Amino acid sequence: MGTSPFTRPCRLLPLSLGLFQGTLLLFFALFVTYDEPSAQVEDANLVANKVYSTFPFFQDIQVMLVVGLGLLLTFLPRYGLSALTHNFLLLNFSMQWALVLQGLLHHFHHGQVQLDLHKLLISEFAAVTVLISVGAILGRTSPCQLLVMATCEIPVYLASEWVILNCLGVLDVGGTITIHVFSCYFGLGVSKALFRAGQQPLHPKETPTPRSDLMSLVGMLILWVFWPSFVAVLCQPGDAQHRAILNTLLAMSASAITTVVTSSLLERDSKLSPGHLQNGSLAGGVVIGAVADMAMPPVAALALGSLSALTCVLGFRFLTPLLGRKLSLLDQCGIHNLHGLPGILGAAASAVVILVASKDTSGSHFSQLSPTGGNASEVGGEQWGDQGASRQALCQAAGLAVAMGTSLLGGLLTGAVLQLPCLAQPPQRLCFDDSLYFKIQDQAETPRPGSTTEEGALALKEQI
Amino acid sequence: MGTSPFTRPCRLLPLSLGLFQGTLLLFFALFVTYDEPSAQVEDANLVANKVYSTFPFFQDIQVMLVVGLGLLLTFLPRYGLSALTHNFLLLNFSMQWALVLQGLLHHFHHGQVQLDLHKLLISEFAAVTVLISVGAILGRTSPCQLLVMATCEIPVYLASEWVILNCLGVLDVGGTITIHVFSCYFGLGVSKALFRAGQQPLHPKETPTPRSDLMSLVGMLILWVFWPSFVAVLCQPGDAQHRAILNTLLAMSASAITTVVTSSLLERDSKLSPGHLQNGSLAGGVVIGAVADMAMPPVAALALGSLSALTCVLGFRFLTPLLGRKLSLLDQCGIHNLHGLPGILGAAASAVVILVASKDTSGSHFSQLSPTGGNASEVGGEQWGDQGASRQALCQAAGLAVAMGTSLLGGLLTGAVLQLPCLAQPPQRLCFDDSLYFKIQDQAETPRPGSTTEEGALALKEQI
Amino acid sequence: MGTSPFTRPCRLLPLSLGLFQGTLLLFFALFVTYDEPSAQVEDANLVANKVYSTFPFFQDIQVMLVVGLGLLLTFLPRYGLSALTHNFLLLNFSMQWALVLQGLLHHFHHGQVQLDLHKLLISEFAAVTVLISVGAILGRTSPCQLLVMATCEIPVYLASEWVILNCLGVLDVGGTITIHVFSCYFGLGVSKALFRAGQQPLHPKETPTPRSDLMSLVGMLILWVFWPSFVAVLCQPGDAQHRAILNTLLAMSASAITTVVTSSLLERDSKLSPGHLQNGSLAGGVVIGAVADMAMPPVAALALGSLSALTCVLGFRFLTPLLGRKLSLLDQCGIHNLHGLPGILGAAASAVVILVASKDTSGSHFSQLSPTGGNASEVGGEQWGDQGASRQALCQAAGLAVAMGTSLLGGLLTGAVLQLPCLAQPPQRLCFDDSLYFKIQDQAETPRPGSTTEEGALALKEQI
């Protein structure tokens, strides 16, 4: 491998990343500070309670993104180190970049930016979009390309989120539209623009082994367990948050079982596909985000979970190959099946729930439709009439359109940028391999002087 | 493997599972709703506090069951995917099934079932019994059989739990008797009825490798860390919960060290057995459940932890082989050693603690025996006289007898049902193998066209 | 391996460990009890709130030490079981030993020791020092040696911590000086005294494989995620704790990115070294401990995180080989780079922050320098003048000196003790191998009777 004629990315990655850290330091030095410490005891208690009510959720989300999502991506057997590391690097880079942009954009006119846990959380949510989008092009891109992609995606996301939540007043407490749909079509746009040739032959290192599937499955389970925290963290404390947690648990549970059913039925001998399991079981978490805190009956959460898992598995089986053939679209992790289709389903469901809920409760005095997402305060608490509900349902649809439109456009443009030769996209034959990015001391390849063949064979046997 | 004459389970699993999901949807649509949203601010705060005080414990328990227990079962080197997936599937199925049954049985006469986090938690506890019982027959059964087993076990468990906690008033906050003893003997009953031939020859795929032992060890560590949450979640907040956490921590710590001591002493060259470690370290958590919140001195928790680990390791070394020879009893994971023996020990300890505590404190005015389990409210808070204590101690013994009786009987009957040919029990030679249930693309078996022998050898070397 | 002339540790380990458990039981029986249960409802609420505010942090720290640190140490490909198990055993042993010593020393004059979660936490912090120190000699020592080392290190640590926090009043809420610096130099001292020959040739089993690097990386990520809990658990609830969490998050994020930058720049072809990544990303957590709750601007946390990662990676690249050559110092895990250098940096930073903060705020009426560590209450809340700040800064320096002095001395003495032949240090050629301490059933080595060569080859292929 040392004799490869392929020119390595060399110094571009560390230098630009180092420059970014320097800029970040400068930005923080000039503009960012902490909240004034609370002067009174009551305020201190308030801060303490806020920490105790937010921090456990925050930690759960960190585990999801750093450990869970990282492990989920290790299904490529020889790309585990890279998948984990790039995921980790991108999370940190994107979060810092989102902090900078949000600081500049939203808070600059107030002078100093006052950092708190909530702002970090919002930046982390922005970073999630990058981590999802990357799934479409996993293993075929250099870290340089991924960082450029993150640099482009974060501002587009922030703009899109601002339009969707603040201008349109869309209700989406779990990020179904703003995060999942957006990141899916951004990733697909990048993939389409970057791999125009498309439909590349199956790479030998692309096939998961039982062992890499196992690691990926563990990642899925970690994501599955902590997903309720992801959906509920921004809900209003109290009933809405309680309901969001329950709805998410029900939806996740239903999608786990439906995935097994669907995946078994698709195969002639009823065998399960690990890939279906790794993705379908999470579809319920994607679909429930937009409706988790709304006043709908529990059965709706179960039904949505089942339906989303069904859609996801069918998407893997039929839609992904079709898109590959017709549109020459590469989608390495199948993000369209896990984030795209269930996201659209969730957006549609939110419109329906809003319409139905308003009819159910009109004229009833104990109606308690409380569609207050933590990030849609202007409509919170208000009771909708029939007309208000129709308008809100339309807004949900408009939000979906905005998310899909901006992300596709942004993704296509970003993909075009990623083709720059200086970003050192690895050639096809070197894809999916850790040894391109990591200094790996391969025992088998470099036998020590003096080792006989017999020792080598013994070592081989012992290592297994 | 494709030419195997063995008839695969085919469509039975997905069809029946799909039918179950449909029935669940119907049940939820007709009978289940959420609590009325709280109308007042104070109530909302109450709900919020309840969420913050229960949800972290709930998440910990989810991690234990989904990730920890799943990984613990991956000690079979070629059965990891199946162990993780079946555990995950059974957890979801059993939880939903317990929700349905509890809804029908306990709450039907109140009309609508109001779902909340506490009810989900209770259902999850019911599901735990299935996950433990399965350990006895791990790797030798089809998913169909496991689902039928869960279908039978949950109602028997609910009945047994109702008798033990509500009729007998047994104190068992951590489920030592109701969960661990019950599930152990249910599993052994199933194993006995299902594998009458017994004493099957050691299967070549049954032997753990260092790598699968490592994964299983990680699972044990996850269970070990979060066990205090499992024991303390149903305790009354305040002193009882605090004491339950401390007692569990002490017992777990003592059993970790005692396991190393005992396992080392049993081997001629003082080597540790990974299997002993994976199980013995958890015995302290099993034993402490029945007494965790009682007013006993800390030394009792340490002593019980040590004693249970000793029993568990000795059980692995001497009792399991004996049971195998004399009763032809198969116990794949050794659940009798981890859940049965320490469970009985814990039940006995609870009787002793009740008797001793009542004597210690009789006549003393500052006595504070507070045996209030979250699920034994009728005796809570009351001070026992000597007589009351004797009666309660007898109840504990009666509870143990009920748990063992119902579970053994239920298990034997269930095991007989599992022999139905349509449930597709895998033949001996196909046991312990993921490829029976998973679509695994085995690189080594299917060399791509054009690959030379040299490339294959290189791939082999590189993969190691 | 069975014919090895090397005399195994035999019965010393289990017997002494068993003796220790017996002594512990006796100690607990005589001296330890629980707090009196609270008589009034308000007190019960207070206890409940204390549990809810401490227990999640405590669980996070348990995950870090048991799972995260354990996995981090599995980078030695054939020593994973031992690394995980020894870490687990040492944690439990050291915690119990610290409980005993603290009970005897600090509380004996009050009669009964009242156990609570806080005391367990403090003992756990003491145990951390042992787990870190062991990194210097990982893989080359027997469990007996490790237990003797823990036995010696805990009292030295408790004495050193008492001097640093109580006599000198050093501010160090995250244990930068008391834990990280101390444990690093203790470990180096042991290593120096134990391996006088030093500079041993590279052992063939010492080289990580991609797979063991992956497991170790997962361990790093778990530590990375939960580190804020470790730093903030002893902070005063409210602003100080909030600030400690934010500062730690910022420092960890900066060190993650700086590690990638530095490690890439050091290699000619910009490849990353997994070892750098596994350690450098955590350096930010080490450095921030001493200043996390101080009133410094967020940029300082970012800068410290970056600087510590830079120091750590440079240490791995240049200092460790240099120390190996010049001082014949073995440092298997590079604890000097992860705990020593960033720890010293953090201590220096704490002095600077104290000096700068006192100047910044002198004469300003809204100054809120609140340097109240949970363990330095005597200076808490007080406003420093210039003079007070200088004195406090000097104390920080003195604390660093005390930590380094006592630990080096204690380590050298302990290392000398570890050379006792009865402790059964493994010979060089048997190092880094699980099979020395675990009963491993190696499939490859013991082919079953009747298996043909072909089957063996197939098994070999399938296992890969």
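Fair warning: this is a prediction, and the values are worked out from it, not measured in the lab. (Residues numbered from 1 in each chain as written. Chains lettered and ligands numbered in written order. Predicted model: local features only at pLDDT ≥ 70, side-chain atom pairs only at ≥ 80, totals over all residues. Heavy atoms only, no water.)

Student: Sorry, what's going on with the overall build of chain A here?
Tutor: Check the secondary structure of chain A and you find 13 helices and 2 strands. Burial statistics for chain A: of 464 residues in total, 64% are counted as buried. Counting only contacts in chain A whose residues sit at least 6 apart along the sequence, the fraction spanning at least 24 positions is 84%. For chain A, the exposed area adds up to about 16,100 Å²; of that, 65% sits on carbon and sulfur atoms. (Helix = DSSP H or I, 4+ residues; strand = E, 2+ residues; numbered from the N terminus. Buried < 20%, exposed > 50% of the residue type's maximum accessible area, 1.4 Å probe, protein only. Contact = heavy atoms within 4.5 Å. Areas by Shrake-Rupley, 256 points an atom, 1.4 Å probe, with all protein chains shown as cover.)

Student: Help me out: how do you make sense of the side chain of Thr74 of chain B in this one?
Tutor: Take Thr74 of chain B: it is sitting in the loop between helix H2 (41–72) and helix H3 (80–107). Polar contacts involving the side chain of Thr74 of chain B include one to the main-chain carbonyl oxygen of Leu71 of chain B, which spans 2.5 Å. (Polar contact = N/O pair within 3.5 Å; in protein donor to acceptor, adjacent residues only side chain to side chain.)

Student: Before we go on, may I ask you to explain the packing of helix H8 (residues 239–266) of chain B against helix H2 (residues 41–72) of chain C in this structure?
Tutor: To describe two helices that pack against each other, one gives the angle between their axes and the distance between the axes. Contact geometry for H8 of chain B and H2 of chain C: axes closest at 9 Å, N-to-C directions at 25°. Taken together, the axes of H8 of chain B and H2 of chain C are roughly parallel relative to one another. Considering the relative orientation of H8 of chain B and H2 of chain C, their crossing is left-handed. For the pair H8 of chain B and H2 of chain C, contact is made by Asp239, Gln241, His242, Ile245 and Leu249 of chain B and by Val47, Val51, Tyr52, Phe55, Phe58 and Gln62 of chain C, respectively. By residue class, the composition of the contact of H8 of chain B with H2 of chain C is 7 nonpolar, 3 polar and 1 charged. (Axes fitted to C-alpha atoms, helices over the stretch in contact; angles between N-to-C directions. Parallel < 35°, antiparallel > 145°, perpendicular 65-115°, else oblique. Left-handed = near helix turned anticlockwise from the far one by under 90°. Nonpolar A, V, L, I, M, F, W, Y, C, P; charged D, E, K, R; others polar.)

Student: Explanation requested: the interface of chain A and chain B in the structure shown.
Tutor: Often the size quoted for an interface is simply the accessible area lost on bringing the parts together. Contact residues are listed per partner, giving 67 residues for chain A and 60 residues for chain B. Across the chain A/chain B interface, buried area totals approximately 6,100 Å², and carbon plus sulfur atoms make up 71% of it. For the pair chain A and chain B, the interface holds 1 salt bridge. If you look at where chain A meets chain B, you find 14 residue pairs in polar contact (both at pLDDT 80 or more). Secondary-structure elements contributing two or more residues to the side of chain A that touches chain B are helix H2 (41–72), helix H7 (210–232), helix H8 (239–266), helix H9 (274–288), helix H10 (298–327) and helix H13 (453–463) of chain A. Top contributing element to the side of chain A that touches chain B by residue count: H8 of chain A, with 18 residues. Split by residue class, the side of chain A that touches chain B holds 39 nonpolar, 17 polar and 11 charged. (Buried area = accessible area lost by both parts, 1.4 Å probe. Salt bridge = Lys/Arg side-chain N within 4 Å of Asp/Glu carboxyl O.)

Student: I'm lost on the interface of chain B and chain C in this one. Help?
Tutor: Facing the 66 residues of chain B at the interface are 60 residues of chain C. Approximately 6,100 Å² of surface area, both sides summed, lies buried where chain B meets chain C, with 70% of it carried by carbon and sulfur atoms. Linking chain B with chain C are 1 salt bridge. Looking at the side of chain B that touches chain C, the elements with two or more residues in it are H2, helix H7 (210–232), H8, helix H9 (274–288), helix H10 (298–327) and helix H13 (453–463) of chain B.

Student: Can you help me understand the confidence of the model for chain A in this one?
Tutor: Should the pLDDT be low somewhere, the predicted coordinates at that spot are not to be read in detail. All names here are of chain A. With 85% of its residues at a pLDDT of 70 or more, chain A shows a mean pLDDT of 86. Contacts of residues 362–382 to residues separated by more than four positions or lying in other chains number 34 contacts, the stretch itself having pLDDT below 50. This stretch, residues 443–464, has a pLDDT under 50; its non-local contacts, to residues over four places away or in other chains, come to 17 contacts. Model confidence for the complex is summarised by a pTM of 0.92, with the ipTM given as 0.90. (pLDDT = per-residue confidence, 0-100.)

Student: I tried to follow the nonpolar core on my own but got confused; where do I start?
Tutor: As a rule of thumb, soluble globular proteins bury nonpolar side chains together. Ranked by internal contacts, the top residues of the largest apolar core, which has 449 residues, are Phe28 and Ile288 of chain A, Phe28 and Ile288 of chain B together with Phe28 and Ile288 of chain C. Leave out the neighbours within four places in its chain, and Phe28 of chain C touches Leu250, Pro298, Val299 and Leu302 of chain B together with Leu99 and Leu115 of chain C. (Core = buried A, V, L, I, M, F, W, Y, C linked by side-chain atoms within 4.5 Å.)

Student: How should I be thinking about the relation of the copies chain A and chain B in this particular structure?
Tutor: Copies of the same chain, two in number, are related to each other by a rotation about an axis and a translation along it. The transform that puts chain A on chain B rotates by 120° and translates by 0.0 Å along the axis, for an RMSD of 0.0 Å. The relationship between the two copies is best expressed as a three-fold rotation axis. Of the interface residues in chain A, just 3% have counterparts in chain B that sit at the interface too, so the contact is made through distinct surfaces. (Least-squares fit on C-alpha atoms with pLDDT ≥ 70 in both.)

Student: Sorry if this is basic, but what is going on with the packing of H8 of chain A against H10 of chain A here?
Tutor: All names here are of chain A. Two numbers describe how H8 lies on H10: the axes approach to 7 Å, and their chain directions differ by 35°. The way H8 lies across H10 gives a crossing that is right-handed. Between H8 and H10, the contacting residues are Asn247, Leu250, Ala251, Ala254, Ser255, Thr258, Thr259, Thr262, Ser263 and Leu266 on the first element and Pro298, Ala301, Leu302, Gly305, Ser306, Ser308, Ala309, Leu310, Val313, Leu314, Arg317 and Phe318 on the second. Across the contact of H8 with H10, the residue classes break down as 12 nonpolar, 9 polar and 1 charged.

Student: Please explain helix H6 (residues 176–194) of chain C as it appears in this structure.
Tutor: One turn of an α-helix holds 3.6 residues; hence residues three or four places apart share an orientation. Compared with the 27 Å implied by 1.5 Å per residue over 19 residues, the 26 Å span of H6 of chain C between its first and last C-alpha is a close match. Summarising burial for H6 of chain C: 18 of the 19 residues are buried, a large majority. (Expected span 1.5 Å × (residues − 1).)

Student: Looking at this structure, how should I read the state of the cysteines?
Tutor: What we call a disulfide is simply a covalent bond connecting the sulfur atoms of a pair of cysteines. Residues and elements named next belong to chain B. This structure, assessed with the given rule, holds 0 disulfides over all chains. In this structure Cys395 is a free cysteine whose sulfur lies 11 Å from that of Cys167, the closest cysteine sulfur available. Here Cys395 falls in the buried class, since its relative accessible area comes to 14%. Free cysteine Cys431: the closest other cysteine sulfur is in Cys333, separated by 13 Å. With a relative accessible area of 2%, Cys431 lands in the buried category. (Disulfide = S-S within 2.5 Å.)

Student: Even after reading the chapter, I still don't get the environment of Met296 of chain B, so can you show me in this structure?
Tutor: All names here are of chain B. Relative to the assigned elements, Met296 resides in the loop between H9 and H10. For Met296, a relative accessible area of 6% puts it in the buried group. Considered as a pair, Met296 and Ala357 are 61 residues apart in the sequence and their alpha carbons are 7.2 Å apart.

Student: Explain a nonpolar patch on the surface to me, please; I cannot follow it from the model alone.
Tutor: Taken together, the side chains of Leu307, Leu310, Leu314 and Phe318 of chain A make up a nonpolar region of the molecular surface, amounting to roughly 330 Å² of accessible area. With respect to the secondary-structure elements, Leu314 of chain A resides in helix H10. (Patch = residues over 30% accessible without salt bridge, like charges linked within 9 Å, V, L, I, M, F, W, Y side chains within 5 Å.)

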